[in-house]
Amino acid sequence: MSDRFDLVVVGAGPAGSSAALRAARAGLRTLLLDRATFPRRKTCGDALGGRAVAALRELGLLEEVRRLPGVLVHRVLFTSPEGTELSIDLARAARPDLVTGFVIRREVLDAFLLGKAREAAAEVREGFQVDEVVREGGAVRGVRGRDLATGARREFQADVVLGADGAHSAVARSLGLFRRDRRRTVVATRAYYRGVGGVGDRIELHYLEDVSPGYLWIFPVEDGLANVGIGMLAAPMRRRRVHLVRCLESALVSPRFASRFSGAERVAAPEGADLPVGGSRRVASGAGFLLAGDAAGLVDPFTGEGIANAMWSGLLAAETVVEASRERDFGARSLARYEERLDEGIREELRVAARVQAVARLRPLLDFTIRRAARSPRVRDAICAMIAGTLPRRTLTNPLFYARLLRA
């Protein structure tokens, strides 16, 4: 077959597979590349919130995802640094026909999405390492790399290259767009445990003084496993010389968690990852190329979730390429429509999330908010609505919100 494609997608995670699936369904000759062989392990919290569910519904995959090994989430538990617990019933903010969220291991989810892209007629090459983009006349016109099994070098040409290859994107590096800003990087580590007490259909976010700004999470996955991890901003972590693995281990034997983990078994060594969070504008398009997901720095700075924005950015990228193909215009101005869609659909929310994260750094304010919400059904409903997306998160950055808390 020819090595010429309408779209080459580098990276077969949620962003890349969503983009390839949408583009192939629209009739574009699409190639999806990834250096891994699937299924493969991926360091992640594994949680799929409301926006990820909406993306799955948009792709027509929600009912199939329901049947994947995992847990359907109905509740969220927050604990403040002082130890106050706040339990949120997500059903209060959702219609009975809506799914509130899942926890599905990325090893399972990503293999499923890749399979759907392949079913839609996208050509898939696993075990292929992209080393650089191919330029022609100032525009990107393909990629070069090698088959990791044979060492054979290949070049694939395309009208558009989509870099969806993660936080350390080879595409972004080749374009000179890679950057690591510790002020906008969350470092996380996680491990799977079996036999954690009190794990059910809820996800847990525990704000601890030692990892502020950040939190410890406990998320249930299938077969009695729990995804347990901890993350915080890279800049204060480095400044305070915090060792996340030791911090996680210490937290789990502390009085707050010791009884729940006394009979638990860690089934795999902790794994770490860097998460480039959003909140500032990064270049994500140009002549012949787009960047999506972590490669575009679209992780939520408040929650650390990246799957939802990865999937939506993949869908927006595919939509942009379909339009450009129809017009036969792959120049920077034509593909800049993708940046506009990111601004409207994702980046504005990330800017708000960055401000919310700044509020969460203030321990007295965080303690106060969770304490009040634990006592007031009206405040709990407001936070529940923010989680569900029916109330803007910018509410948490409004001083009037905290004035109302005083009266709650």
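My aim in this report is to walk through the structure given alongside it, one point at a time.

Rules used throughout
- Residues numbered from 1 in each chain as written.
- Predicted model: local features only at pLDDT ≥ 70, side-chain atom pairs only at ≥ 80, totals over all residues.
- Heavy atoms only, no water.
- Helix = DSSP H or I, 4+ residues; strand = E, 2+ residues; numbered from the N terminus.
- Expected span 1.5 Å × (residues − 1).
- Buried < 20%, exposed > 50% of the residue type's maximum accessible area, 1.4 Å probe, protein only.
- Axes fitted to C-alpha atoms, helices over the stretch in contact; angles between N-to-C directions.
- Left-handed = near helix turned anticlockwise from the far one by under 90°.
- Contact = heavy atoms within 4.5 Å.
- Nonpolar A, V, L, I, M, F, W, Y, C, P; charged D, E, K, R; others polar.
- Salt bridge = Lys/Arg side-chain N within 4 Å of Asp/Glu carboxyl O.
- Polar contact = N/O pair within 3.5 Å; in protein donor to acceptor, adjacent residues only side chain to side chain.
- Pairing = 2+ DSSP bridges.
- Phe/Tyr/Trp six-rings, centres within 6.5 Å; stacked < 30°, edge-to-face > 60°.
- Parallel < 35°, antiparallel > 145°, perpendicular 65-115°, else oblique.

**Looking at helix H9 (residues 307–327)**
Step number 1: For H9, built from 21 residues, the straight-helix expectation of 30 Å at 1.5 Å per residue is met to within 8% by its first-to-last C-alpha distance of 31 Å.
Step number 2: The element H9 is extensively covered by neighbouring structure, given that 17 of its 21 residues are classed as buried.
Step number 3: Directly after H9, the chain includes Arg328, whose backbone phi takes a positive value near 55°.

**A look at the packing of helix H2 (residues 50–58) against H9**
Step number 1: With their axes 8 Å apart at the nearest point, H2 and H9 run at an angle of 35° to one another. In this structure, H2 crosses over H9, and the sense of that crossing is left-handed. Side by side, H2 and H9 meet where Arg51, Ala52, Ala54, Ala55, Leu56 and Glu58 of the first sit next to Ala308, Asn309, Met311, Trp312 and Leu315 of the second.
Step number 2: A class-by-class count of the residues in the contact of H2 with H9 yields eight nonpolar, one polar and two charged.

**Overview of the pattern of salt bridges**
Step number 1: A complete count under the given rule lists 32 salt bridges for this structure.
Step number 2: A salt bridge links Arg153 to Asp131; the nearest nitrogen and oxygen atoms lie 3.3 Å apart. Linking Arg153 in strand E11 (residues 153–163) with Asp131 in strand E9 (residues 128–136), this pair joins segments that are 22 residues apart in sequence.
Step number 3: Under the relative-accessibility criterion, Asp131 is labelled partly exposed at 30%.
Step number 4: Connected through salt bridges with shared partners, the residues Glu319, Glu323, Glu327, Arg337 and Arg341 form a single ionic network.

**A few points about the side chain of Asp46**
Step number 1: Within the fold, Asp46 resides in the loop between strand E2 (30–34) and strand E3 (47–48).
Step number 2: A polar contact of 2.5 Å, which involves the side chain of Asp46, links it to the side chain of Tyr192.
Step number 3: Excluding residues that lie within four positions of it along the chain, Asp46 makes contacts with Phe102, Val103, Ile104, Arg105, Arg106, Tyr192, Val221 and Asn227.

**Overview of the sheet that holds strand E7 (residues 102–103)**
Step number 1: With respect to topology, three strands assemble into an open sheet ordered E3-E7-E4, the strand pairing being antiparallel. Either end of the sheet is taken by a strand with one partner, and the two such strands are E3 and strand E4 (71–72).
Step number 2: Pairing between E3 and E7: two bridges, direction antiparallel. Bridge pairing in E7 links Ala47 to Val103.

**Looking at the packing of aromatic side chains**
Two numbers describe a pair of aromatic rings. These are the distance of the centres and the angle of the planes.
Step number 1: With the rule as written, the count across this model stands at six aromatic pairs.
Step number 2: Ring plane angle 65° and centroid distance 6.3 Å describe the contact between Phe5 and Phe156, whose orientation is recorded as edge-to-face. One end of the pair, Phe5, is in strand E1 (residues 4–10); the other, Phe156, is in strand E11, and 151 residues separate them in sequence. The burial state of Phe5 is the same as that of Phe156; both residues are buried.

**Focus on helix H1 (residues 14–25)**
Step number 1: Its 12 residues place the ends of H1 16 Å apart at the C-alpha level, agreeing with the 16 Å of an ideal helix rising 1.5 Å per residue.
Step number 2: Burial runs high along H1: 10 of the 12 residues are buried.
Step number 3: Buried within H1 we find Pro14, Ala15, Gly16, Ser17, Ser18, Ala19, Ala20, Leu21, Ala23 and Ala24.
Step number 4: Buried positions along H1 lie against E1, E2, helix H4 (106–119), E11 and H9.
Step number 5: Among the residues trailing H1, Gly27 stands out with phi positive, at a value near 95°.

**Quick look at the side chain of Arg282**
Step number 1: Locating Arg282 in the fold gives a position in the loop between strand E17 (271–276) and strand E18 (285–286).
Step number 2: With sequence-adjacent residues up to four places away left out, Arg282 is seen in contact with Arg179, Pro276, Ala295, Ala296, Gly297, Glu339 and Arg347.

**What about the pairing of strand E10 (residues 139–147)?**
Step number 1: The sheet contact formed by E9 and E10 spans eight bridges and is antiparallel. For Val133, the partnering residue across the bridge sits in E10 and is Val143.
Step number 2: Linking E9 to E10, which pair antiparallel, is a turn of two residues; within it Gly137 sits at a positive phi near 60°.
Step number 3: Sheet topology places E10 next to E11; five bridges connect them, and they run antiparallel. Within E11, the residue paired with Gly145 across the bridge is Arg154.
Step number 4: If you look at the hairpin formed by E10 and E11, you'll find five residues sitting between the two strands, and Gly151 has a positive phi there, around 80°.

**Let's talk about the packing of H1 against H9**
Step number 1: Running from amino to carboxyl end, H1 crosses H9 at an angle of 30°, the nearest separation of the two axes being 7 Å. Taken together, H1 and H9 sit at an angle that is classed as roughly parallel. As for the relative orientation of H1 and H9, their crossing is right-handed in sense. Two secondary-structure elements touch here, H1 through Pro14, Ala15, Ser18, Ala19, Arg22 and Ala23 and H9 through Ile307, Ala310, Met311, Ser313, Gly314, Leu315 and Ala318.
Step number 2: The residue inventory of the contact of H1 with H9, partitioned by class, reads nine nonpolar, three polar and one charged.

**Some words on the environment of Leu148**
Step number 1: Mapped onto the elements, Leu148 comes out in the loop between E10 and E11.
Step number 2: Measuring from C-alpha to C-alpha, the distance between Leu148 and Val267 comes to 29 Å, with 119 residues separating the pair along the chain.
Step number 3: With near-sequence residues (within four places) excluded, Leu148 lies in contact with Arg35, Gly127 and Gln129.

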